Every structure is written in C-alpha cells, then in structure tokens.
Amino acid sequence: MFEGSGPRLYALPPGVDFPRQFVAGCLDRWRETSPEDIARVTVFLNSERMRRAVSDAFIASGARLLPRLRLVTDPLAGLPIPGMARPISALRRRLELAQLVRPLLAGKDPLSPRSAAYALAESLADLLAEMQTEGVGPQTLATLDVSNQSEHWARALTFLSIINGYLGAGAGADAEPDPAASVRRAVEVLTDKWLVQPPLDPVIVAGSTGSRGATALLIARVAMLPKGAVVLPGFDRDLPPSVWLSLSDAMTSEDHPQYRFRRLFDALGASPDAVQPWTLAEPPASLRNRVVSLALRPAPVTDQWLVEGNKLPDLCAAMADVTLIEAPTPRVEALAIAMVLRAAAEDGTTAALVSPDRMLTRQVTAALGRWGIIPDDSAGEPMGLSAPGRLVQQVANLLGKRPMFDVLLALLKHPLSFTGGDRANHLRLTRDLELSLRRAGPVFPDGAGILAWARSRKETDSVMPWAQALAAVLDSAAQAVTATLASHVASHRALVEAVARGEAPSGTGRLWDLAAGQAVRAAMDALAAEADAGGTLSVAEYLDLVRSYFSTGEVREPVLPHPGIRILGTIEARVLGAELVILGGLNDGIWPDLPAPDPWLNRKMRQEAGLLLPERRIGLSAHDFQLAVAAPKVVLSRSSRDAEAETVASRWVNRLCNLLGGLPDRQGPQALDQMRARGKSWLDHAIALERPGKAVAPAGRPSPRPPVEHRPKRLSLTQIERLIRNPYEIYARHVLRLKPLDPLRAEADPRLRGTVLHKILEQFVRDRPDDEDRSSARQRYLALTEHILSVEVAWPSARVLWLSRMEDAVDAFLEFEAQNAGIPLALETDGELALNDGMFHLVGRPDRIDILPSGKALLIDYKTGAPPTAEQQKTYAKQLLLAAVLVADGGFAKFGPIEVENIVYLGLKDGLPRVETRITAELLEEVRAGLTHLIANYARAHQGYTARRAMFKTSDATDYDALSRFGEWEISSAPAPEDVR
C-alpha cells in the first residue's frame, strides 16, 4: 500500500479539499484490497470535524466498509490503559488547583487579585497539561535558573512545586491522572507495543501538524511503522531548501506556518524532499500559493523578496480571485461580509467565513438574518451568553447582597424569569414596580420593600403572590454566606429555578427546555458532582468561579442552517472544501491572537524547560491562514479601527501588501489596487444598505409657538430661570407634558445631594432649642448629618464625602447663624403670587425666611454648587430676587407682606462661600418689571420657546436635548419659529 522504507511522509498542498483528497488517495491505494482489509485500517485524524468530513467523503464514494476512524487525542478510543487509573475530569482538577492558588493570592505580595483564583487555576491546569503532553517532568522546572530574573518569576517557580503531586512524583500509582497525561500515556502504551509487535494492518495519521508533544510522538512512530503513513495538511512545496534550513531556531521561526513540519523532519531524521504527494491533485490557485509562500517567509530572510519576487508570474493573474476589504468600522466589515455571503447563497456557491473574532461572526450572523439566511456556525453560542447562562450569572450577582434596582429589573425582564406562571401579568407588574422604584426607590430593594409596595396597591390580593415569590428570592439570596462549594451550588441552583418558576407552585418554567438550557443544566450538574473538590468559598469567590466557569463552553440550538454558508474557526480551515473563503477580522491582536500573558513562566524559562513558546499559536494561525487563503476564491477582510482606536493590519495581510507593492515589474501594485477595488465595491454596497432611502435634512433650532391658551399659566421660581435660559424645556414640560423618567441606575448625583443637605439644614434650624450654645449646636449638627445621610443615602462613599463637606462648613455656618441670621419664620414654605391681573401665578418655596431684629426679612438659599454671582443674578439667576418679590407682595398667606432687607446664597462647602444682595425698593421694582415683561412676552402668539437660548455653558446638557435634536444644529444657529397645534 505504501512505497519505500523509512519514514513514510505524504502531504496535500494548501487549497485542496483535504478530506475528499485524502479519501481519494486511500481509495486509489486500496483498489486491489478486499472490503474486509479496508475495515482493518486505522486512521488517526486531528479533530472531530475532520473525522466527520472524512467519514462523509467515504460514504459519498460508494457503499463499502469504512476504516477505523480515531482521533489523535484519543488513540485508544476509550480502551483502558493497563496500570493507569481513569482520568480525572478537567473541572475537578481546576477546582483542586484553585484551592491551592487561593492562599497564594492572600499573601503579602500576591501574584494577582483574589478574584483571579479560578482563572489562575485554569492557567496552571493548562501548564500542567502542556508539561504532560510534552513529556516535561517537574524536576525540569526545579532546575531552572532564575537568579538573573525578577523576583516574581522566582516566587512563581517556587509555587509551581505544588504540581509535583499531579505529575506522578509522589502521586502514587493509583492517583487519578489528568486527561493530558492519559493521552500521553495512551500514545506511549500504543507506540511501545508497536515497537515490540508492529501492527499487521495499515495505520495512517492524517490532518495533524504534530504541534503537541503527544501527537508528534504518535506521528513519528506511525511514520516508521512497516505499514504506517502520515499525511500532512498544507505542505508548502514552494519553500526552497535554504528556507527549510533557516527554520532550525524556535526563537526566530516558531511563528512560521511550516515550522512544525521542520520539527517533525528533525525528529524523524528526514528532509522535506522525503515528503511524497498523497494524490496528484493540483491546488486551485497554485500561482497564488507561490506568492503567499514568499510573503510568509521568516523575517530574517525577507531580503529574498527582492530576488525571488521577480521570478513570480504576473501578479494580476495570480491574485485575480482575491478581494481585499478594508472597512472603516467593524459594523461595515460585518455588513460587507454578509453581502458577500448572500451573493454566494444566491449563486449556489459554497462559501465559508473563517475568523477567530466571535464578535464579528455574531454580527455577520445577525446581518444575514435580515435575508433569512442562517449560517452553519461551528462554534454556536457561548454558554455564558445564552439565555439560561445569563440567568444563572444574574442570579449569582444577587448572592450575599441587596441588589440595586437596575440589577433587579434586569433579572425580572430576563426572558426566562417567572415563566412558570402568567408571564404577561409578570411583565405588567415588573413595569409598575420599575416606575415606583425609579420615582421613590429604594435604591437597594429587599423583600420587605417589595411586600410593602404590594400592600400599597389597590389590587393587593392579585399582586401579593407575585411579590411574595420575588421577596423570597431576594431574602434567600441576601442570606448567602461563606460555605462549601456544594452548598453554594445547591442554593444557587434553587434560586435560579425559583426565579424561572415565579409564583407557580412547582416546576422550573422554561429554564431547561431548549438545547441551551440542557447544556447549562449539565454544566450545573457537573459543578455539583465535583463540588467536594472546591472546598469552602466566600460569596465573592463563588461569584468569581461562576463567571469564569460559564465563560467557557458553547451551545448550539437545533436549527436548519443554509447548506452552503458556513462560519468556521481558524483550525477548521483544513476541512474547508468551499469555493469561496472569507478570512475576516484580519487585524493584529485578533488574527493572529496575541499570546496571553503567562503568570508562571516567561519566554526564556519556557525555552529552557522544553515547553512550547508563545509564538506556537501564531505559527499555527499562520498555517491556518496559508491553508484558507489558498481556496479558489478568497476575500481578505479587516476594519481599520475598532470601538476604541485605530487597528493594525494582520502581519500576514501587511506582508502580502508590502510584497505586492514592492514588485512593480510583476504588476504587483496594480494587483493590489484591483484587490482593493473589488473590496471597495462590496463596501459601497454595505454603506448603501445602511443609507436611508431618502436624505433627511438636519433639523433646525426649534422655537415652537403653541397657542396662547395652552401656554403655562403657573411657574415656580426655579422654572423662571429655565424660561430665561432654555425656554424649550418649559414648552416640553408644561405644554407637551413630557417629563423625563428617573434614571434606571440610581446614582449619588448632585440632585440627591442637594435634597439631602437641604433636609439636614431645614431640620437643624427647625429643631434648634432657644438656649443652645455653640458646642451643643455643633454636636447636634454633626449627629443630625450622620443620621440623615445614613437614612437617605445608600452609597457609603457618597455618605463619607458629603459628611466631610458638611463638616468643613459647620463652623462657618454656625458663625453665620450667630452673626447674620434672625428668627426663622418659614422653612420650605409654599408661596403664590398672582400677576398680570391674575392671568399668571408665580409659586415658590424658598429654603428659609428669617425675621431680623429690624422687622425685615432675610431670605436664605442653600447651594451645593457655586452660588450665583451678582452679575448672574441681574439677568439669569432670579430665584431669590423673585422670592423677595413673593415675600414683599404678600405671596405667603401665613404672614402677609414683609419688607425684605437682604437675600443670601450660602455655598455648602469649606468656608461657606456666600453671595449677599441688599434689597431696595428700586431693585424690587426692577425685578417686578422684568418678570412682568417676561410673562407678557410669552403670552404673545409670535413668541417662540427657543431651545438653549442662553445656557450658562454650551456643554451643559438638559433632559430635552434629544427632543430638540440638539447636535443637528449649533448654538449659533438662528431659531426657526414654528406654530404648533
């Protein structure tokens, strides 16, 4: 079946349909073989997807017995290994390691934050698996010299001694091995048996590059078997011998796509010339393969571009079926790719999008949805982003605390919440609860607050069962404390199911119904089964574990995808077989992905230990790129910026563009321009898809003129200032009756600060004893401040900050009280004054009105910000001046007209900055006349309510800027008066 002696190495070139050509080569060699003999052949393949593709190709070739198809990661296919215990689950190993990591993070100089315990355990487990796969023992780490390196690496190396027990030293013969150790052991058992008794039937390894130690060992042994053979994927025959020789140093060549083959040749004592073609199939784009091979040469030998570049064929012909899309944003890139795939679907062309960027592939899938095209996505949906996965994590966020009401509302609006009962009633009550929490809080609702809200409603009997179910969840979640992992998982799952069940007496609603729910339930079951290895965790540690645990894993819903449109990961480029391949997300940091920081070993330590360098992943990605770019038709796609900054093109795209641009004699620049022109046509289509059918002119600066009879006839003191500065706000609030909702996420904002600090001073002044001395007043002031802040402000940091500000102002405030203030006459008292023959009413509630010894009034207004200057009061800040008119003209029924002597703005901060204005008859008359003129002017039909007429700062935002479409017009734009009905 296989010719020659020594290592039997075969290969297929980049661009061919590997599964189909592999099967074709097998059938050609088995022409004279009986069906029974074919069934005795063993084929080791690199992935489950490759195994399915090879099986399908065999079936498509006709009825026959199939060979035994196994995976290189499971060479014994589940058969027991003599003298070796059953492998431990990966989850259990990570839980055990996390217990060992946590003390390290609690030390004086931790490696990482405590929240990274499970993530560090995962990286440690990966290192453990790599050492076992590569055959590196713990003694190798113990002998590493770190004397010339930073103390961090010395501490990390010391900590790595904990893995000795998991590598066999001291673990005992019956110890449970890691899955990686089982694979390595299985390969060793199998290959050792072959050394003594070679298999009588053929053995083939196909589709693997041997990038892992155990796989490389299997490939090496199979290649030397009398009836063994290895079929390499994407072998580059255009690479000259000099380049193969230069790939000897891993430090400089690890990132080359063919480096793994060079390492395999060294292990077998073979040369690239020993590699024979598996079939005579030619790649669909052999000229392009030569260009790409030259572009991907190792960096130290790129000077060969100048020599070998001029030997290339006409580059316009070589790159004729390559399109380069350089989109301005990821969204446009996704739309352009979606349009390429849609065109392929219409033409009946098989097409595949290959990208490691899951955000991009999800955007493409969403864009294809508008045309009803569902791609066959090999990755599915991340388990943590599925509906059940998100619910599990949202419930975990409730544990051990009272949630802010936005967190609670997000949970209640989850599509799986309260699905055991009347979902419509649940959504209605959720809406009512949201409006109540937005208006009146509390910021951190609990069970008692939910029940109190239910009792306050008219339909209490119908609301109470729903409220009781919600209150029970909140109270149970708040009681979570430090416990064993098993206890955490059980109580967490019970809460998740209670949220899904809602007010129903039993069941779990629709939580576990679909494929995603079954996958999440299986993940919860697995965590519960291995929980005894997790030890005792605080609530925060359990939450960190849940976040890390559910960030892995994929789920796929059973849908019928389009048969010709696929979305694949980069490693699946070997199984493509598509006529059109789109390589998306070709930016550095995405493709190739930058190696993740290794907290345990740096690059030099890895090389000395014989472990894989970080560049290995880049080299594998480069190989995947070389395979995918060799398809019959190719689209290279990237975006020039992401959501944050400009991006850098993938090194392979950059090399390809530089090579083409530097070969004018071979029509390279023209070929590059044509590639970009083809890409621009798709970008133009994508941009046109988003462009409105009819151009919409930008809005002008609004100045609506409603009918006079619908204009406000009653405004407060503060609203008069808004009428001066931003009349449009008065129109929107009082004519259109549009009021902004309170924010979904409550914050300790200036509005709350003003309300709370005003309440403190109001109560302090109201409850002041007649004979109180300065010391007692100070103590009462501070005690009252602490009490009201603790009751009214839910944020500890805000309480501390605002208490500090009030403490800074206490002495100056008491000094002001002793020297300037009079006897409080009214605190937060409503007043009203009829103007313009009763056609308009001015209302207001001054912070404080005192009677001075002279019998005149002193008006005081507290400001949490900067008090308005005298100049600002002349034109805009009329609040206290209008209050003086209100007092002087008898606007308070409680005490009648009183002459006003002074008005004072007090800034509630260090030093109590103040702005005082003495009130005279002339000043009051001027204020009255100005107010009368202002009101009369807005009582005329021709006067419009202009948006942002005189803002204090152009950067100041208002609640109605979006309504006025501010941004489409500038402050300098002339108003556009318009009659509205």
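Keep in mind the model is a prediction, meaning the values are calculated, not measured.

Caption draft 1: Examining the overall build of the protein chain more closely. A tally of regular secondary structure across the protein chain gives 37 helices and 26 strands. Since a compact globule built from 981 residues should have a radius of gyration of about 30 Å, the 38 Å found for the protein chain marks it as more spread out than a globular shape. With the C-alpha coordinates aligned to their principal axes, the bounding extent of the protein chain is approximately 120 × 65 × 60 Å. The 981 residues of the protein chain split such that 51% are buried. A separation threshold of at least 6 residues defines the contact pool for the protein chain, and within that pool the share at least 24 residues apart is 78%. Just so you have it, the protein chain exposes about 44,300 Å², and 53% of that area is on carbon and sulfur atoms.

Caption draft 2: A look at helix α21 (residues 447–455). Turning to α21, its buried residues number three or more, namely G447, I450, W453 and A454. Summarising the axial view, the buried residues of α21 lie within an arc of 125 degrees, below the 170-degree limit, and thus occupy one face. Along α21, the residues that are exposed and aim more than 90 degrees away from the buried face are A448 and R455.

Caption draft 3: Region of the structure containing the sheet that holds strand β21 (residues 840–844). The mixed open sheet is built from 3 strands, whose spatial order is β18-β21-β20. Unpaired on one side and paired on the other, β18 (714–716) and β20 (831–835) mark the two borders of the sheet. In this sheet, neighbouring strand axes are inclined to one another by 25 degrees on average, regardless of whether the strands run parallel or antiparallel. Sheet analysis places β20 next to β21, joined by 5 bridges and oriented antiparallel. Within β21, the position partnered with L835 by the bridge is F840.

Caption draft 4: Layout of the pattern of salt bridges. Under the definition given, this model contains 57 salt bridges. Among the ionic pairs, R725 bridges to E721, the shortest N-O distance being 3.6 Å. Linking R725 with E721, this pair stays in helix α30 (residues 717–725), spanning 4 residues, or about one helical turn. Residue classification places R725 among the buried residues on the basis of a relative accessible area of 12%. In this structure E721 comes out as partly exposed when scored by relative accessible area, which is 24%. Between R948 and D961 there is a salt bridge, with the nearest N and O atoms lying 3.1 Å from each other. Of this pair, R948 sits in the loop between α37 (921–938) and β26 (975–979) while D961 sits in the loop between α37 and β26, placing them 13 residues apart in sequence. Judged by its relative accessible area of 1%, R948 is buried.

Caption draft 5: Representation of the sheet that holds strand β22 (residues 848–851) within the structure. Taken together, the 5 strands give an open sheet; going across it, the order is β19-β22-β23-β24-β25, and neighbouring strands pair in mixed fashion. Each edge of the open sheet is held by one strand with a lone partner, namely β19 (823–827) and β25 (914–918). Looking at each pair of strands side by side, their axes are set apart by 20 degrees on average, direction ignored. The strands that helix α36 (residues 879–888) touches are β22, β23 (857–863) and β24 (900–907); relative to β24, the one it contacts most, it runs at about 145 degrees.

Caption draft 6: Structural context of the environment of N820. With respect to the helices, strands and loops of the structure, N820 is situated in the loop between α34 (796–819) and β19. Once the C-alpha coordinates of N820 and L858 are considered, the two residues, 38 residues apart in sequence, prove to be 9.1 Å apart. Sequence-distant contacts of N820, that is, excluding residues within four places in its chain, are made with L852, L858 and R914.

Caption draft 7: Here's a closer look at helix α8 (residues 179–196). The end-to-end C-alpha separation of α8 is 26 Å, in line with the 26 Å expected for 18 residues at 1.5 Å each. Summarising the contacts, the buried residues of α8 are in contact with β2 (42–45), α5 (117–134), β4 (203–206) and α9 (213–224).

Caption draft 8: Spotlight on the pairing of β25. Side chains V915 and T917 project from β25 onto a buried face, and the interleaved R914, E916 and R918 project onto a face without burial. The pairing of β24 with β25 spans 5 bridges and is antiparallel. Counted as the bridge partner of V904 is E916 from β25. Between the antiparallel neighbours β24 and β25 lie 6 residues, among them G911 with a positive phi of about 90 degrees.

Caption draft 9: Structural detail: the state of the cysteines. Counted under the stated rule, the structure contains 0 disulfides. Lacking any disulfide linkage, C316 is separated from the closest cysteine sulfur, that of C657, by 14 Å.

Caption draft 10: Geometry of the packing of helix α23 (residues 485–501) against helix α24 (residues 515–529). With their axes 9 Å apart at the nearest point, α23 and α24 run at an angle of 155 degrees to one another. The pairing of α23 with α24 is recorded here as roughly antiparallel in orientation. The two elements α23 and α24 cross, and the hand of that crossing is left-handed. Packed against α23, whose contacting residues are L485, V489, H492 and R493, the element α24 presents R521, M524, D525, L527 and A528 at the interface. The class makeup of the residues in the contact of α23 with α24 is 5 nonpolar, 1 polar and 3 charged.

Caption draft 11: Unusual backbone geometry, seen in detail. In this structure, the amide linkage connecting G441 to the following residue, P442, adopts the cis form with an omega of 5 degrees. By the secondary structure assignment, P442 is in the loop between α20 (423–440) and α21. The residue Q667 is not glycine, and still its phi comes out positive at about 65 degrees. With respect to the secondary-structure elements, Q667 resides in the loop between α28 (651–661) and α29 (668–690). Unlike most non-glycine residues, R737 shows phi in positive territory, near 55 degrees. Along the chain, the position of R737 falls in the loop between α31 (727–735) and α32 (750–766). Owing to a relative accessible area of 68%, R737 belongs among the exposed residues under this scheme.

Caption draft 12: Region of interest: the packing of α8 against α9. Contact geometry for α8 and α9: axes closest at 9 Å, N-to-C directions at 15 degrees. In terms of orientation, α8 and α9 fall into the roughly parallel class. α9 is crossed by α8, and the crossing has left-handed handedness. Taking contact as the criterion, the partners of V183, R184, V187, E188, T191, D192, W194 and L195 in α8 are, on α9, G213, A214, L217, L218, R221 and V222. Counted by class, the contact of α8 with α9 contains 8 nonpolar, 2 polar and 4 charged residues.

Caption draft 13: Spatial organisation of the side chain of E333. Secondary-structure assignment places E333 in helix α16 (residues 330–347). Despite its burial, E333 pairs with no opposite charge; the closest candidate is R638, at 7.7 Å N-O. Aside from chain neighbours lying at most four places away, what touches E333 is A327, L360, G584, G585, S637, R638 and S639.

Caption draft 14: Focus on the pairing of β4. Burial of β4 is two-sided: the residues V203 and V205 facing one way and the residues I204 and A206 facing the other way are all buried. Here β2 runs beside β4; their pairing, made up of 4 bridges, is parallel. Residue pairing for β4: T42 is matched across the bridge by V203. In terms of strand pairing, β4 meets strand β5 (residues 228–233) through 4 bridges, oriented parallel. Each bridged residue has a counterpart across the sheet, and for A206 the counterpart in β5 is V231. Remark: the β4/α9/β5 crossover connection has right-handed handedness.

What counts and how
Residues numbered from 1 in each chain as written. Predicted model: local features only at pLDDT ≥ 70, side-chain atom pairs only at ≥ 80, totals over all residues. Heavy atoms only, no water. Helix = DSSP H or I, 4+ residues; strand = E, 2+ residues; numbered from the N terminus. Rg over C-alpha atoms; globule rule 2.2 N^0.38 Å. Buried < 20%, exposed > 50% of the residue type's maximum accessible area, 1.4 Å probe, protein only. Contact = heavy atoms within 4.5 Å. Areas by Shrake-Rupley, 256 points an atom, 1.4 Å probe, with all protein chains shown as cover. Arc of directions from axis to C-beta. Pairing = 2+ DSSP bridges. Axes fitted to C-alpha atoms, helices over the stretch in contact; angles between N-to-C directions. Salt bridge = Lys/Arg side-chain N within 4 Å of Asp/Glu carboxyl O. Expected span 1.5 Å × (residues − 1). Disulfide = S-S within 2.5 Å. Parallel < 35°, antiparallel > 145°, perpendicular 65-115°, else oblique. Left-handed = near helix turned anticlockwise from the far one by under 90°. Nonpolar A, V, L, I, M, F, W, Y, C, P; charged D, E, K, R; others polar. Lys, Arg positive; Asp, Glu negative; His and termini not counted. Right-handed = clockwise from strand over helix to strand, strands pointing away.

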